[in-house]
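# Summary of structural features
One letter stands for each residue in the lines below.
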Amino acid sequence: MDLDEPSLSLHNRLLTCEKSRRCVVENTSFGNGIEYAPCIPKEVEDEMLERVEYWWNLSYRSLNVNTRYNFIPLSYLLEGLFHKGLWLLIPEHDVIEMFFSSKGNRDLFPKEILQQKTFTYTLVAHTSMHPLAIHRLTGTDLSLSELDSLLSGNKPEFEHHRYPFQTLGPIESHAHPHFVLYNAGMKLLDPILRSGYTLNSDLEMIIQIYKAWRNPIPPTFVEEEYNESEVSGISDTETTLGRRKRTESEKEALQRYREKKNRYTSAWKFLHRGKQTRQPNVNSAACNPKPWSHEPSDRCRKSERCPYSP
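Residues numbered from 1 in each chain as written. Predicted model: local features only at pLDDT ≥ 70, side-chain atom pairs only at ≥ 80, totals over all residues. Heavy atoms only, no water.

What follows covers the pattern of salt bridges. A complete count under the given rule lists 1 salt bridge for this structure. Between Glu47 and Arg51 there is a salt bridge, with the nearest N and O atoms lying 3.0 Å from each other. Highlighted residues: Glu47 and Arg51, both in helix H2 (residues 46–55), separated by 4 residues, approximately one helical turn. Residue class for Glu47 comes out partly exposed when judged on its relative accessible area of 47%. (Salt bridge = Lys/Arg side-chain N within 4 Å of Asp/Glu carboxyl O. Helix = DSSP H or I, 4+ residues; strand = E, 2+ residues; numbered from the N terminus. Buried < 20%, exposed > 50% of the residue type's maximum accessible area, 1.4 Å probe, protein only.)

Let us look at the environment of Met186. By the secondary structure assignment, Met186 is in helix H6 (residues 177–188). On the basis of relative accessibility, which here comes to 27%, the residue Met186 falls in the partly exposed class. The spatial distance from the C-alpha of Met186 to the C-alpha of Gly85 is 9.1 Å, given a sequence separation of 101 residues. Beyond its immediate chain neighbours, meaning those up to four positions away, Met186 contacts Cys39, Pro41 and Tyr210. (Contact = heavy atoms within 4.5 Å.)

Let us now look at the packing of aromatic side chains. Scanning all chains against the criterion turns up 11 aromatic pairs. Measuring from ring centre to ring centre gives 5.2 Å for Tyr182 and Tyr210, while their planes differ by 75°; the resulting arrangement is edge-to-face. Residue Tyr182 is located in helix H6, and its partner Tyr210 is located in helix H8 (residues 201–213); the two are separated by 28 residues in the primary sequence. For the pair formed by Tyr182 and Tyr210, the shared burial category is buried. A network of ring pairs unites the aromatic residues Trp56, Phe99, Phe109, Phe179 and Trp213 as a single cluster. In this arrangement the basic side chain of Arg106 is found over the ring face of Tyr54, its NZ or CZ atom lying 4.4 Å from the centre. Here the basic side chain of Lys187 rests over the ring of Phe82, its NZ or CZ set 3.4 Å away from the ring centre. (Phe/Tyr/Trp six-rings, centres within 6.5 Å; stacked < 30°, edge-to-face > 60°. Lys NZ or Arg CZ within 6 Å of the ring centre and 35° of its normal.)

In a beta sheet, neighbouring strands pair by backbone hydrogen bonds and run either parallel or antiparallel. Ordered by their spatial adjacency, 3 strands build an open sheet running E3-E4-E7, and the pairing between neighbours is antiparallel. In the strand order of this sheet, the two ends are held by strand E3 (87–91) and strand E7 (171–173), each with one partner. Pairwise comparison of adjacent strand axes, ignoring direction, gives a mean angle of 45° for this sheet. When E3 meets strand E4 (residues 119–125), the two strands line up antiparallel, connected through 5 bridges. Directly across from Trp87, in E4, lies its bridge partner Ala125. Docked against the sheet, H6 engages E3 and E4, running at close to 135° with respect to E3. (Pairing = 2+ DSSP bridges. Axes fitted to C-alpha atoms, helices over the stretch in contact; angles between N-to-C directions.)

Its place among the elements puts Gly196 in the loop between helix H7 (191–194) and H8. Residue Gly196 is classed as buried on the basis of its relative accessible area, which comes to 4%. Considering only alpha carbons, one finds Gly196 and His126, 70 residues apart in sequence, at a separation of 5.1 Å. When neighbours within four sequence positions are excluded, Gly196 is seen to be in contact with Ala125, His126 and Thr127.

Moving on, we come to the packing of helix H4 (residues 93–102) against H8. Packing of H4 against H8 leaves a shortest axis separation of 9 Å and a crossing angle of 35°. Along this stretch, H4 crosses H8, giving a crossing that reads as left-handed. Residues His93, Ile96, Glu97, Phe99 and Phe100 of H4 lie in contact with H8, whose contacting residues are Asp202, Met205, Ile206, Gln208, Ile209 and Trp213. (Left-handed = near helix turned anticlockwise from the far one by under 90°.)

Listed in full, the buried residues belonging to helix H3 (residues 76–83) are Leu78, Glu79, Leu81 and Phe82. Down the axis, H3 shows its buried residues gathered within 165° of arc, on one side only. For H3, the exposed residues lying more than 90 degrees away from the buried face are Tyr76, Leu77 and His83. Each element contacted by the buried residues of H3 is listed here: strand E1 (34–38), strand E2 (71–75), E3, strand E5 (133–138) and H6. (Arc of directions from axis to C-beta.)

Judged by nonpolar contacts, the single largest core of 65 residues is most densely connected at Val25, Trp56, Leu74, Trp87, Leu123 and Trp213. In contact with Leu123, other than residues within four places in its own chain, are Val25, Trp87, Leu88, Leu89, Ile134, Phe165, Leu168 and Ile171. (Core = buried A, V, L, I, M, F, W, Y, C linked by side-chain atoms within 4.5 Å.)

The following block contains the structure:
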């Protein structure tokens, strides 16, 4: 089976990868419960994704957060702690320096490193992880699940690691380092989470990398049309970062929505032509009398307290 077949779902593409069937930290198998934790959450706003696209030297609307290289297989417990920001992964020092030296110049973004199949990371834990232990499966045939090992007469063996988990050693994953760096920088920039991490030179560089990826971008980047010839026939691996383009049906639906919005706007203007209306309170619902649009009303006073004011 072709692992890069675009017709495969994200879940199936993850399952076809041998390393994605086990927790990258505990080595436990899929039968014990595996969750796929995203490095860049799906809740990230489009404006931030556009900035990331620019600084990662990508085309507009070409970043796909559903690529398997954005997900890390973890046990249920570790996935929950990862989502809450209580631990993170960082790449090797040379990789961090590579991204640090290229920050601020999108043309220097190190795309060549993404050709590797696996990458090495180190787990960095928040102080809240102090009372917890990580149990890492070892000493058995990792091609078999824990249940299969028991049925074959082999008792699974576990290593027990405690905070700060330096005995865990290197962790290998198929997740790409720029996704992992984004996740680490996002957590380290949070003032509440940051206080629980012991910052060193690598973590300081990651913070600077993440800040550089948040910098404003030229407005011309967003205004440029997406060149379809650049991505035609490209698979998930070849674009590893490509955000899905709108289908023809989605484009038609968007066009119908815009036409309907224009009709409603014209009807609203016709019905309210020449009417004398008082200025509403900026905190009232009348500030946005057009529920189908987030555009400010002509009656809406310019005020920072009003979310619909320009």
